[in-house]
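Summary of the model geometry
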Amino acid sequence: MFKCQSCQSTEFRLVVNPNQKKSFSIKHNAFNEVVICINQEEFIADLAFMNHFAVCKSCDDIKCWDYFFRQEAIAM
């Protein structure tokens, strides 16, 4: 997962070429990684991808992303 360095939000939107004809969607996998789906192909977004194509939904900042891993409680 990723977090905006400016406002700490984890919500983003992708900036896509308006001439893009392929359908795309965003989801999270079992490891809470961001998965980008374009037509039938999927890939896991990395920090370079996010800083190139993602805009923060909260503050509209760009090139502001850092990795963020939530600390989940582990039941014993």
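Going by the structure above, here's the rest.
First, a word on scope: everything that follows refers to the structure included in this document.

**A word on the overall build of the protein chain**
When its secondary structure is counted, the protein chain shows one helix and seven strands. The N-to-C order of helical and strand elements in the protein chain reads β-β-β-β-β-α-β-β. Taking the principal axes of its C-alpha atoms as reference, the protein chain extends roughly 50 × 30 × 20 Å. Looking at the protein chain as a whole, 25% of its 76 residues qualify as buried. Within the protein chain, one finds 8 positive and 9 negative side-chain charges whose respective centroids are separated by 7 Å.

**Topic: the nonpolar core**
In this structure, Phe12, Ala45, Met50 and Trp65 are the most contacted members of the largest nonpolar core, which totals 13 residues. Those elements that provide at least two residues to this core are β1 (2-4), β2 (12-14), β4 (34-38), α1 (47-53) and β6 (54-56). Contact partners of phenylalanine 12, with chain neighbours within four places excluded, come to Ile26, Val34, Met50, Ala54, Val55, Cys56, Lys57 and Trp65.

**As for the pairing of strand β5 (residues 41-44)**
In this structure, β4 lies alongside β5, joined through four bridges in antiparallel fashion. If you follow isoleucine 36 over to β5, its bridge partner there is phenylalanine 43. The antiparallel hairpin formed by β4 and β5 contains two residues in its connecting segment, where asparagine 39 sits at a positive phi of about 55°.

**Examining the side chain of serine 9**
Examined against the element boundaries, serine 9 turns out to sit in the loop between β1 and β2. With a relative accessible area of 11%, serine 9 lands in the buried category. At a separation of 3.0 Å, a polar atom in the side chain of serine 9 contacts the main-chain amide nitrogen of glutamate 11. If we skip the residues at most four places from it in the chain, serine 9 touches Phe2, Lys3, Cys4, Cys56, Ser58 and Trp65.

About the criteria used
- Residues numbered from 1 in each chain as written.
- Predicted model: local features only at pLDDT ≥ 70, side-chain atom pairs only at ≥ 80, totals over all residues.
- Heavy atoms only, no water.
- Helix = DSSP H or I, 4+ residues; strand = E, 2+ residues; numbered from the N terminus.
- Buried < 20%, exposed > 50% of the residue type's maximum accessible area, 1.4 Å probe, protein only.
- Lys, Arg positive; Asp, Glu negative; His and termini not counted.
- Charge placed at Lys NZ, Arg CZ, Asp CG, Glu CD.
- Core = buried A, V, L, I, M, F, W, Y, C linked by side-chain atoms within 4.5 Å.
- Contact = heavy atoms within 4.5 Å.
- Pairing = 2+ DSSP bridges.
- Polar contact = N/O pair within 3.5 Å; in protein donor to acceptor, adjacent residues only side chain to side chain.

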